[in-house]
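Residues per chain, in single letters:
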Amino acid sequence: MKKTLSLFLLPLFLTATTFAAHSAPPTALDDLHDFVRNTKTVRAEFTQTTLGKNNQPEQTVQGTLLLSRPGKFRWSTEKPYPQLIVSDGARVWFFDPDLNQVIVRTHAQALGGTPAALLAGDEEVERAYDLSTLPDAQGMLWLQAKPHDKETGFTDIKLGFLKGKLAALELNDAFGQKILTQFRYVEYSPELNPDLFSFTPPVGADVIGEEKKNNTPPLAKGL
């Protein structure tokens, strides 16, 4: 795929309404800071579309995203095919049920400067990107994150926030491909079972270890 991250401002509004009336409206950068610093868990549904030349849709998948900061996430797609990516903060498992195959990578190898690292990381993650606000669009506040590491393969990540909550993500890679992710039913700070962020390969699955560095499934790019 609700809680507002700016509840700490409520006493200020109640006791100093004159000051609040003249304060600057929040920006997407403010929303990102609140998201990274104050939100420990997230649950959301998503629709992700990969765009090719002339922005024509090439693939669309739907699924669920769970985050537990720092570093833990569960990304599961349901349509048009099942696939599961799980991180416990140290390792990442890519499971393809149709192939009955599991690829295991270290957290750093698998994520690098990807959106998953940005969304599931702690405050240090913000220092890995050049952050700047963008003009409002589609009713959302937007910011751009450019990774300092030029080897990530991504030119930039754009994050859209709607009423203080993460609503959209746009990833642009070095080959001109664009991946759009729209989030819905976003919950901040839900209670999540820690077992959701661990994974045991099914009996009989083909398990490929961390030494296989070039086998990351394409879906991981858009995380």
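Predicted model, so just to flag it, every value in this text is computed and none were measured.

**Student:** So what exactly am I meant to see when it comes to the environment of Lys158 here?
**Tutor:** Position of Lys158 among the secondary structure elements: in strand S9 (residues 154-162). The class for Lys158 is buried, based on a relative accessible area of 18%. Counting along the chain gives 13 residues from Lys158 to Ala145, while the straight-line C-alpha distance between them is 6.2 Å. Excluding residues within four positions of it along the chain, Lys158 makes contact with Leu134, Trp142, Leu143, Gln144, Ala168, Leu169, Glu170 and Asn172.

**Student:** For this particular structure, what's the right way to read the sheet that holds strand S7 (residues 129-137)?
**Tutor:** Pairing is mixed across the open sheet formed by 12 strands, whose spatial order is S7-S8-S9-S10-S11-S1-S2-S3-S4-S5-S6-S12. Since the sheet does not close on itself, it has two edges, and those belong to S7 and strand S12 (206-208), each with one partner. For this sheet, the mean inter-axis angle between neighbouring strands, taken without regard to orientation, is 20 degrees. The pairing of strand S1 (residues 41-51) with strand S2 (residues 57-68) spans 11 bridges and is classified as antiparallel.

**Student:** Looking at this structure, I do not really get the pairing of strand S4 (residues 83-88). What am I missing?
**Tutor:** In the case of a regular strand, side chains alternate between the two sheet surfaces. Counted residue by residue, S4 has 5 buried out of 6 residues, so it is predominantly covered. Here 6 bridges tie strand S3 (residues 72-79) to S4, and the two strands are oriented antiparallel to one another. Across the sheet, Ser76 pairs through a bridge with Leu84, a residue of S4. Between S3 and the antiparallel strand that follows it, S4, lie 3 residues. Here S4 runs beside strand S5 (residues 91-96); their pairing, made up of 4 bridges, is antiparallel. Within S5, the position partnered with Ser87 by the bridge is Val92. Where S4 folds back on S5, the antiparallel hairpin that results is connected by 2 residues, among which Gly89 adopts a positive phi of roughly 95 degrees.

**Student:** What is the right way to look at empty space enclosed by the protein in this model?
**Tutor:** In this approach the atoms are scanned with a rolling probe the size of a water molecule, which exposes any empty space left behind. When its volume is computed, the second largest cavity comes out at roughly 40 Å³. Around the second largest cavity, the lining residues are Phe35, Val42, Ala44, Leu65, Leu67, Leu166, Phe183, Val186 and Tyr188. Counting residues per element, the ones that place at least two in the lining of the second largest cavity are S1, S2 and strand S11 (178-188). The dominant element in the lining of the second largest cavity, judged by the number of residues it contributes, is S11, at 3 residues. Partitioned by chemical class, the residues of the lining of the second largest cavity number 9 nonpolar, no polar and no charged.

**Student:** So what exactly am I meant to see when it comes to the pattern of salt bridges here?
**Tutor:** A side chain with one charge can pair with a side chain of the opposite charge if their charged atoms come near. Within this structure, the stated rule accounts for 6 salt bridges. A salt bridge links Glu45 to Arg184, with the shortest nitrogen-to-oxygen separation between them at 3.6 Å. With Glu45 in strand S1 and Arg184 in strand S11, the pair connects residues that are 139 residues apart, well separated along the chain. When the shortest N-O distance is used, the salt bridge between Lys158 and Glu170 registers 3.8 Å. Note that Lys158 is positioned in strand S9 and Glu170 in strand S10 (residues 165-173), a separation of 12 residues in sequence. For the pair Lys158 and Glu170, one class covers both residues: buried.

**Student:** Where do I start with the pairing of S1 in this structure?
**Tutor:** Burial runs high along S1: 9 of the 11 residues are buried. As consecutive antiparallel partners, S1 and S2 are separated by 5 residues, and within that stretch Asn54 has a phi angle of approximately 60 degrees, a positive value. The pairing of S1 with S11 spans 9 bridges and is classified as antiparallel. Bridge pairing in S11 places Phe46 opposite Phe183.

**Student:** Before we go on, may I ask you to explain the nonpolar core in this structure?
**Tutor:** Nonpolar side chains in soluble globular proteins generally cluster together in the buried interior. With 38 residues, the main nonpolar core has Phe35, Leu67, Phe73, Leu159, Phe161, Leu166 and Phe183 as its most contacted residues. Ranked by the residues each element gives to this core, the list is headed by helix H5 (residues 115-120), at 5 residues. Core analysis: the second largest hydrophobic core is formed by 8 residues, Val86, Trp93, Val102 and Val104 among them.

**Student:** Is there a simple way to explain the environment of Ser132 in this structure?
**Tutor:** Inspection of the secondary structure puts Ser132 in strand S7. For Ser132, a relative accessible area of 31% puts it in the partly exposed group. In this structure the C-alpha to C-alpha distance between Ser132 and Trp142, which are 10 residues apart in sequence, comes to 8.9 Å.

Calculation criteria
- Residues numbered from 1 in each chain as written.
- Predicted model: local features only at pLDDT ≥ 70, side-chain atom pairs only at ≥ 80, totals over all residues.
- Heavy atoms only, no water.
- Helix = DSSP H or I, 4+ residues; strand = E, 2+ residues; numbered from the N terminus.
- Buried < 20%, exposed > 50% of the residue type's maximum accessible area, 1.4 Å probe, protein only.
- Contact = heavy atoms within 4.5 Å.
- Pairing = 2+ DSSP bridges.
- Axes fitted to C-alpha atoms, helices over the stretch in contact; angles between N-to-C directions.
- 1 Å grid on protein atoms, 1.4 Å probe; cavity = no way out; pocket = protein on both sides within 12 Å on 5 of 7 lines; lining within 4 Å.
- Points joined across faces, edges and corners; volume = space filled by probe spheres on them.
- Nonpolar A, V, L, I, M, F, W, Y, C, P; charged D, E, K, R; others polar.
- Salt bridge = Lys/Arg side-chain N within 4 Å of Asp/Glu carboxyl O.
- Core = buried A, V, L, I, M, F, W, Y, C linked by side-chain atoms within 4.5 Å.

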